[in-house]
Amino acid sequence: ILGVFMDETLVFLDEGFLDKLAKFFGGKVRLKFDKFDFARKIAMRKNLLCKHLFYYTAPPFQGTNPTIKEKQMKEGYDRFISSLSKNKKITVREGRCQKIIDQNKIQYKQKGVDTLLTIDLSHIKDDFQEIKEIILVSSDTDFCPVIKDIKERGNIKVILYSYFDKKRNSKFSVSNELIQCCSDFVQLSKQDFLNSSLKNGEL
């Protein structure tokens, strides 16, 4: 907001969660959006200025002898990460992707991402002493211990941006524990993605 001073914040974005939400809101077509602009605009909803975005993801799975599809996915991912990393206000943290086969059903899960995010959260007080509020985009209750710790020891407010519905067996459920351990909660909407949508051909 021009002429109005805004406190700075850090945005911690769990891409695994956000990608599921982009697919959900997009229906048959995953919504494509600018990651930093998304972080900047959700921060502005709380009259905060996004100083830095921490982006947590994992490269697509690659077999011992990658298939053509696996190679293509990795090439596309590498182009995206290269483009994202050019922005000095973005730090990319990469875990790994694990392929799980259970009763002939294949699933892919990110590994190590939560640990990286937890480490960065625990370093806020030392690395960003001026920051008093942060934004976490996730739905994972595993972050509750570190959230409670930085609130108590660092006196830092944690604003949770997430999404949940009340449908039975929904894949979008956020526990009351996660909501209650944060200082504030904001429900994400499709409009948050549309506000930062990309044009065809953009990464």
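Each chain has its residues counted from 1, following the order in which its sequence is written. Where local features are concerned, this predicted model is filtered to residues with pLDDT of at least 70; where side-chain atom pairs are given and counted, the filter is 80 or more; whole-chain, interface and lining totals use all residues. Side-chain measures were taken over the full set of non-hydrogen atoms in the model, leaving aside hydrogen atoms and water.

Per the secondary structure count, the protein includes eight helices and eight strands. Our radius of gyration is a C-alpha quantity, and the globule rule it is checked against amounts to 2.2 Å times the number of residues to the power 0.38. Relative to the compact-globule value of 17 Å for 203 residues, the protein shows a C-alpha radius of gyration of 17 Å, a close match. Reported as C-alpha extents along the three principal axes, the dimensions of the protein are approximately 50 × 35 × 35 Å. Between buried and exposed lies partly exposed: a residue is buried under 20% and exposed over 50% of the maximum accessible area for its type, with that area taken using a 1.4 Å probe on protein chains only. Looking at the protein residue by residue over its 203 residues, the buried ones come to 40%. Sequence-distant contacts, at least 24 apart, represent 73% of the contacts inside the protein between residues at least 6 apart. Split by element, the accessible area of the protein, about 12300 Å² in all, is 47% carbon and sulfur. Note on charges: Lys and Arg go in the positive column, Asp and Glu in the negative column, and His and the chain ends are not counted at all. Taken as the charge centre is NZ of Lys, CZ of Arg, CG of Asp or CD of Glu, depending on the residue. Separation of charge centres in the protein, based on 36 positive and 27 negative side chains, amounts to 6 Å. A run of H or I in DSSP counts as a helix once it spans at least four residues, and a run of E counts as a strand once it spans at least two, with each numbered from the N terminus. Any two residues whose heavy atoms approach within 4.5 Å are treated as being in contact. The accessible surface values rely on the Shrake-Rupley method and a 1.4 Å probe; as for residues, cover is taken only from the protein chains in view.

Two rings from Phe, Tyr or Trp (for Trp, the six-membered ring) form a pair when their centres sit within 6.5 Å of each other. Planes less than 30 degrees apart are called stacked, planes more than 60 degrees apart edge-to-face, and all others tilted. This model, assessed by the stated rule, comprises eleven aromatic pairs. Ring pairs connect the aromatic residues F24, F25, F33, F38, Y163 and F193, which therefore count as one cluster. A cation over an aromatic ring shows up here: K35 above the ring of F33, its NZ or CZ 3.9 Å from the ring centre. As a reminder, the over-ring test applies to NZ of lysine and CZ of arginine, requiring each to be within 6 Å of the ring centre and within 35 degrees of the ring normal.

Before going further, it helps to examine helix α4 (residues 113-122). Buried within α4 are the following residues: V113, L117, D120 and L121. All buried residues of α4 project into a common sector of 100° when viewed along the axis, lining one side. Relevant arc is that of directions from the helix axis to the C-beta atoms, nothing else.

Take the nonpolar core next. Counting residues in hydrophobic clusters, the biggest one holds 33 residues, and the most contacted among them are L18, V137, L188 and F193. Counting only elements with at least two residues in this core, the list comes to β1 (7-14), α1 (15-26), α2 (35-44), β2 (48-57), α3 (68-85), β3 (90-94), β6 (133-137) and β7 (157-162). Not counting residues up to four positions away in its chain, the partners in contact with F193 are L18, L21, A22, F25, L31, F33 and F38. Of all hydrophobic cores here, the second largest spans 25 residues; its members include L10, L121, L178 and C181. Nonpolar cores were defined as sets of buried Ala, Val, Leu, Ile, Met, Phe, Trp, Tyr and Cys residues, with membership established by side-chain atoms within 4.5 Å.

Following DSSP output, two strands are said to pair if at least two bridges run between them. Taken in spatial order, the six strands make up an open sheet running β3-β2-β1-β6-β7-β8, and their pairing is parallel. Of all strands in the sheet, those with a lone pairing partner are β3 and β8 (184-187), marking the two edges. Neighbour to neighbour, the strand axes of the sheet diverge by 20° on average, direction disregarded. As paired elements, β1 and β2 share eight bridges and run parallel to each other. Opposite L13, over in β2, you have Y55 as the bridge partner. The strands touched by α2 within the sheet are β1, β2, β3, β6 and β7, with β2 carrying the most contacts at an inclination of about 135°. Under this scheme, a helix contributes an axis fitted over its contacting stretch, all axes are lines through C-alpha atoms, and angles between N-to-C directions fall in the 0 to 180 degree range.

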